[in-house]
Amino acid sequence: MSSSSESESEVPSSPQQSLPDPPDPQSSKPSKSNKSKSKSSKLSKSRLAAASAYASSLNRRAVVYISSLPPKITVSKLKTLITPLCEVTRLYLAVEDKSVRKRRKKAGGSSSKRFTEGWVEVPSRSLARQLASTLHMTNMEKKGPHSDDLWCLKYLKGFKWSHLTEKVAYERRVREQRLRVEMSKAKREVKEYERKIEEGEKFEQMVKKKKR
């Protein structure tokens, strides 16, 4: 009896097999963070595509130069004259110098603001060439106040709107520098004038003392 019990005790018991846990139904669903990440990635891609398209459209644009403009022309009027031929993306007109306006007003002329030259940006180089070749040295309009005025246009090959903004900024800096020089010169002249007056007063006082 003892031997049989010992043999039975030596037989190892079979281990219990552990069953895998059932899958969590919520783990198969995408989390809110994953949804937000996918949305943000889609949004960034769309923004990148829009920025790329805009940069490409900017690169295709071209500029036409207007070398002279008639009196009383306005930005809206000029855009109205060009728009039937092609789209105008941007338009800039340079205002005449204030000193020229003052001289004209002093001579009895008009005191209204005038433009001396302009730049027109259009969507493509082909449209810029066509616009310049079609309108150059032709009447600005068939009927109206500018029917006797002629277009003076030139397509600026390789010229971009950024070049114009740099040019305007440089001219503004030059004007400011010139104004600062003129102001400092005027201050020096005023100080010199005051110094001479003081010297004259001192001299007069010395003369009066000697007479006494």
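In this text, all values refer to a predicted model and were calculated from it rather than measured experimentally.

**Student:** Would you mind going over the layout of surface pockets with me for this structure?
**Tutor:** Empty space among the atoms becomes visible once a probe the size of a water molecule is rolled across them. In this model, the largest pocket occupies a volume close to 680 Å³. In terms of lining residues, the largest pocket is bounded by 23 residues, among which Val-95, Glu-96, Asp-97, Lys-98 and Arg-175 are the most central. For the lining of the largest pocket, the secondary-structure elements that each account for two or more residues are strand S2 (90–95), helix H4 (98–106), strand S3 (115–122) and helix H6 (161–211). Here the lining of the largest pocket gets nine residues from one element, more than from any other, and that element is H6. Residue classes in the lining of the largest pocket are distributed as six nonpolar, two polar and 15 charged.

**Student:** Is there a simple way to think about the nonpolar core in this case?
**Tutor:** When a protein is soluble and globular, its nonpolar side chains tend to lie buried together. Counting residues in each nonpolar core, the largest one holds 22 residues, and the members touching the most others are Ile-66, Leu-69, Leu-78, Ile-82, Leu-131, Trp-151 and Leu-153. When residues of this core are traced back to their parent elements, those giving at least two are strand S1 (62–66), helix H3 (75–82), S3, helix H5 (125–135) and strand S4 (153–156). For this core, the element with the most residues is H5, which contributes four residues. When neighbours within four sequence positions are excluded, Trp-151 is seen to be in contact with Ile-66, Leu-78, Leu-81, Ile-82, Leu-135, His-136, Met-137, Thr-138, Asn-139 and Met-140. If you look at the next biggest cluster of nonpolar residues, it comprises eight residues, including Tyr-65, Trp-119, Trp-161 and Val-168.

**Student:** Would you mind going over the sheet that holds S4 with me for this structure?
**Tutor:** A sheet is described by the order of its strands in space; here four strands give the open sequence S2-S3-S1-S4, paired in antiparallel fashion. A single partner strand is all that each edge strand has here, and the edge strands are S2 and S4. Taken over all neighbouring pairs, the strand axes of this sheet differ in orientation by 20° on average, direction set aside. Alignment of S1 against S3, held across five bridges, turns out to be antiparallel. By the bridge assignment, Val-64 is partnered in S3 with Val-120. Against the sheet, H3 touches S1, S2 and S3, its axis set at about 135° to S2. Sheet strands touched by H5: S1, S3 and S4. Its angle to S4, the strand with the most contacts, is close to 160°.

Calculation rules
Residues numbered from 1 in each chain as written. Predicted model: local features only at pLDDT ≥ 70, side-chain atom pairs only at ≥ 80, totals over all residues. Heavy atoms only, no water. 1 Å grid on protein atoms, 1.4 Å probe; cavity = no way out; pocket = protein on both sides within 12 Å on 5 of 7 lines; lining within 4 Å. Points joined across faces, edges and corners; volume = space filled by probe spheres on them. Helix = DSSP H or I, 4+ residues; strand = E, 2+ residues; numbered from the N terminus. Nonpolar A, V, L, I, M, F, W, Y, C, P; charged D, E, K, R; others polar. Core = buried A, V, L, I, M, F, W, Y, C linked by side-chain atoms within 4.5 Å. Buried < 20%, exposed > 50% of the residue type's maximum accessible area, 1.4 Å probe, protein only. Contact = heavy atoms within 4.5 Å. Pairing = 2+ DSSP bridges. Axes fitted to C-alpha atoms, helices over the stretch in contact; angles between N-to-C directions.

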